[in-house]
Amino acid sequence: MLYTARAPKPSAELDFSLLWLALGLLAIGLVMVYSASIAIAEAARYTGHNGAYYLIRQAVFITLGVGAGMLAFQVPMRVWQQAAPYLFMGGLLLLVVVLIPGIGREVNGSRRWIPLGFANLQPSELMKLLAVFYAADYTTRKAAFMHDLKKGFLPMAAVMMATGALLLKEPDFGAFVVIVSIAMGILFLGGLNWKVFAGLVVVLLLGFAALILTSEYRMQRMLGFMDPFADPYGKGYQLSHALIAFGRGEWLGLGLGGSVEKLFYLPEAHTDFLLAVIAEEFGFVGVLAVIALFGWLIAKAFLVARRAAQLERNFCALVAAGIGIWLGVQSLINMGVNVGLLPTKGLTLPFLSFGGSGIVANCLAVAVLLRIDWEHRQMMRGKTF
């Protein structure tokens, strides 16, 4: 990583702008999840016709996520590096467990959740963070071989193929794309030969195309994404209503709670298509504000990576960059799906969409960023880790 300029001495113990940015996104998500879900919660029997059902659960998830983040912040980065391979193997084990009939819970043809009684654990969400740790540790250990395809890339490729096979078995193509992006991004930043990287990108694109062409349901999603209004009551139903929500919002939106599409028209309004509800209620300005907040958060992650690299803390630099890649790719895909630029995928909008595992994983990611930055600030004051 080509960062040579000396970092200025920090004036505070913690990057509070990063902390408040993450908490702000969580707060926006809490309000919008309530707005998007109140109608379906009141109508559903399993919620006891309680309009605040999803609001309460999201608040609990955020509380758990913040608590987990506070604990994660206490762990030194050297411990995360030492534990990275073992944590990743534990994540792979969870991906196997979720596929076992009777253990993994199946919803809409996908087996992605492990019931825990009070909530469901989605291993693929945690694997995104674990993949960041593993790829950063691997790249740091193999730094001398990053120009060697056989020694530098192929071992990581084998691990990612095994992970991808388990994710596609669920199936969870969206998580597979995000994790591959994380691994490839970290390898590239860690010094992987650019010619090898370019060739691998081409191979991956061909592989993704093959996965789409050999799967009927993926082909249907692709066709529906290209022209949703050709079959507005079939494969294009979800996207067509998302686009209607964007159109209704215009510049300033209809106001908080004013969305019509969330009233049983737009499926998954509080999860995958929360941005469409934001667009309908707050218009182009609201969507632009959300994009700006994500852009700021991702920029902060890469700034933390830059500062770590200046101190030659390669593992920390790659972890911070990997988190930036993860949040950037996932938010970009979710936003692209909502506006019809990408085919429908089961990826939530980080920090905002309803979901326990995703919220906890996002909070852990921010805690790790804060820890890296905090250690950097301590080192600038003469302390070592």
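Residues numbered from 1 in each chain as written. Predicted model: local features only at pLDDT ≥ 70, side-chain atom pairs only at ≥ 80, totals over all residues. Heavy atoms only, no water.

Participant: Quick question: what am I supposed to make of the pattern of salt bridges here?
Facilitator: Two side chains with opposite charge may pair up if their charged atoms get near one another. All chains considered together, the criterion is met by 11 salt bridges. One salt bridge connects Asp231 with Lys235, and the closest N-O pair in it is separated by 3.8 Å. Looking at Asp231, the relative accessible area reads 28%, which means it is partly exposed. For Arg371, the salt bridge identified is with Glu375, shortest N-O distance 2.8 Å. On the criterion of helical spacing, the pair formed by Arg371 and Glu375 is a turn pair, its members being 4 residues apart in helix 12 (residues 356-380). Each member of the pair Arg371 and Glu375 is classed as buried. (Salt bridge = Lys/Arg side-chain N within 4 Å of Asp/Glu carboxyl O. Buried < 20%, exposed > 50% of the residue type's maximum accessible area, 1.4 Å probe, protein only. Helix = DSSP H or I, 4+ residues; strand = E, 2+ residues; numbered from the N terminus.)

Participant: Teacher, can you tell me more about the pairing of strand 2 (residues 110-115) here?
Facilitator: A regular strand places its side chains so that they alternate between the two faces of the sheet. Within strand 2, 5 of the 6 residues are buried, which leaves the element mostly enclosed by the surrounding structure. Relative to strand 2, strand 1 (residues 105-107) runs antiparallel, the two sharing 3 bridges. Bridge pairing in strand 2 places Arg105 opposite Trp113. Taken together, strand 1 and the strand that follows it, strand 2, pair antiparallel across an intervening segment of 2 residues, in which Asn108 is found at a positive phi of about 55°. (Pairing = 2+ DSSP bridges.)

Participant: Can you walk me through the packing of helix 3 (residues 77-97) against helix 11 (residues 314-338) in this structure?
Facilitator: Relative placement of two packed helices is described by the angle separating their axes and the distance separating the axes. Packing of helix 3 against helix 11 brings their axes to within 10 Å, and their N-to-C directions diverge by 80°. When the interaxial angle is binned, helix 3 and helix 11 end up roughly perpendicular. Seen from helix 3, the contacting residues are Met77, Trp80 and Gln81; seen from helix 11, they are Phe315, Cys316 and Val319. By residue class, the composition of the contact of helix 3 with helix 11 is 5 nonpolar, 1 polar and no charged. (Axes fitted to C-alpha atoms, helices over the stretch in contact; angles between N-to-C directions. Parallel < 35°, antiparallel > 145°, perpendicular 65-115°, else oblique. Contact = heavy atoms within 4.5 Å. Nonpolar A, V, L, I, M, F, W, Y, C, P; charged D, E, K, R; others polar.)

Participant: Help me understand the nonpolar core in this model?
Facilitator: Counting 109 residues, the largest nonpolar core has Met77, Phe133, Val319, Trp326, Phe351, Leu352 and Ile372 as the members making the most contacts within it. Residues in contact with Val319, not counting those within four places in the same chain, are Met77, Val132, Phe133, Ala136, Val368 and Ile372. (Core = buried A, V, L, I, M, F, W, Y, C linked by side-chain atoms within 4.5 Å.)

Participant: I keep staring at helix 2 (residues 53-73) and nothing clicks. Help me out?
Facilitator: Structural remark: α-helix, 3.6 residues per turn; residues separated by three or four positions point the same way. Counted at 1.5 Å a residue, the expected span for helix 2 with its 21 residues is 30 Å, and the 30 Å between its end C-alpha atoms agrees. Of the positions making up helix 2, those classed as buried are Tyr54, Gln58, Phe61, Ile62, Gly65, Gly69, Ala72 and Phe73. Looking down the long axis of helix 2, one finds its buried residues gathered within 105° of arc, a one-sided arrangement. Among the exposed residues of helix 2, those oriented more than 90 degrees off its buried face are Thr63, Met70 and Leu71. Along its buried surface, helix 2 packs onto helix 1 (16-43), helix 3 and helix 12. (Expected span 1.5 Å × (residues − 1). Arc of directions from axis to C-beta.)

Participant: Could you clarify how one ought to interpret unusual backbone geometry in this entry?
Facilitator: Look at the link from Glu170 to Pro171: it is a cis peptide, with omega at -5°. Here Phe264, not a glycine, exhibits a phi torsion of approximately 75°, which is positive. Tracing the backbone shows Phe264 in the loop between helix 9 (237-249) and helix 10 (274-310). Of note, Phe351 is a non-glycine position whose phi angle comes to about 70°, a positive value. Mapped onto the secondary structure, Phe351 falls in the loop between helix 11 and helix 12.

Participant: Could you clarify how one ought to interpret helix 11 in this entry?
Facilitator: In this model, helix 11 (25 residues) spans 36 Å end to end at C-alpha, consistent with the 36 Å of a helix rising 1.5 Å per residue. For helix 11, a buried count of 22 out of 25 residues is recorded, marking the element as mostly surrounded by other parts of the structure. A positive phi of about 85° marks Gly340, the residue just after helix 11.

Participant: Sorry, what's going on with the environment of Arg111 here?
Facilitator: Mapped onto the fold, Arg111 is located in strand 2. For the pair Arg111 and Glu170, spaced 59 residues apart in the sequence, the C-alpha separation amounts to 5.0 Å. When near neighbours in sequence (up to four residues on either side) are disregarded, Arg111 contacts Val98, Leu99, Ile100, Pro101, Gly102, Gly104, Arg105, Glu106 and Glu170. A distance of 3.1 Å separates the side chain of Arg111 from the side chain of Glu106, its partner in a polar contact. (Polar contact = N/O pair within 3.5 Å; in protein donor to acceptor, adjacent residues only side chain to side chain.)

Participant: Can you help me understand the packing of helix 11 against helix 12 in this one?
Facilitator: Put simply, helix 11 and helix 12 touch, their axes get as near as 10 Å, and they point 145° apart. You can see that helix 11 and helix 12 cross each other, and the crossing is left-handed. Along its contact with helix 11, which presents Cys316, Val319, Ala320, Ile323, Trp326 and Leu327, the element helix 12 presents Ala361, Asn362, Ala365, Val368, Leu369 and Ile372. Broken down by class, the residue content of the contact of helix 11 with helix 12 amounts to 11 nonpolar, 1 polar and no charged. (Left-handed = near helix turned anticlockwise from the far one by under 90°.)

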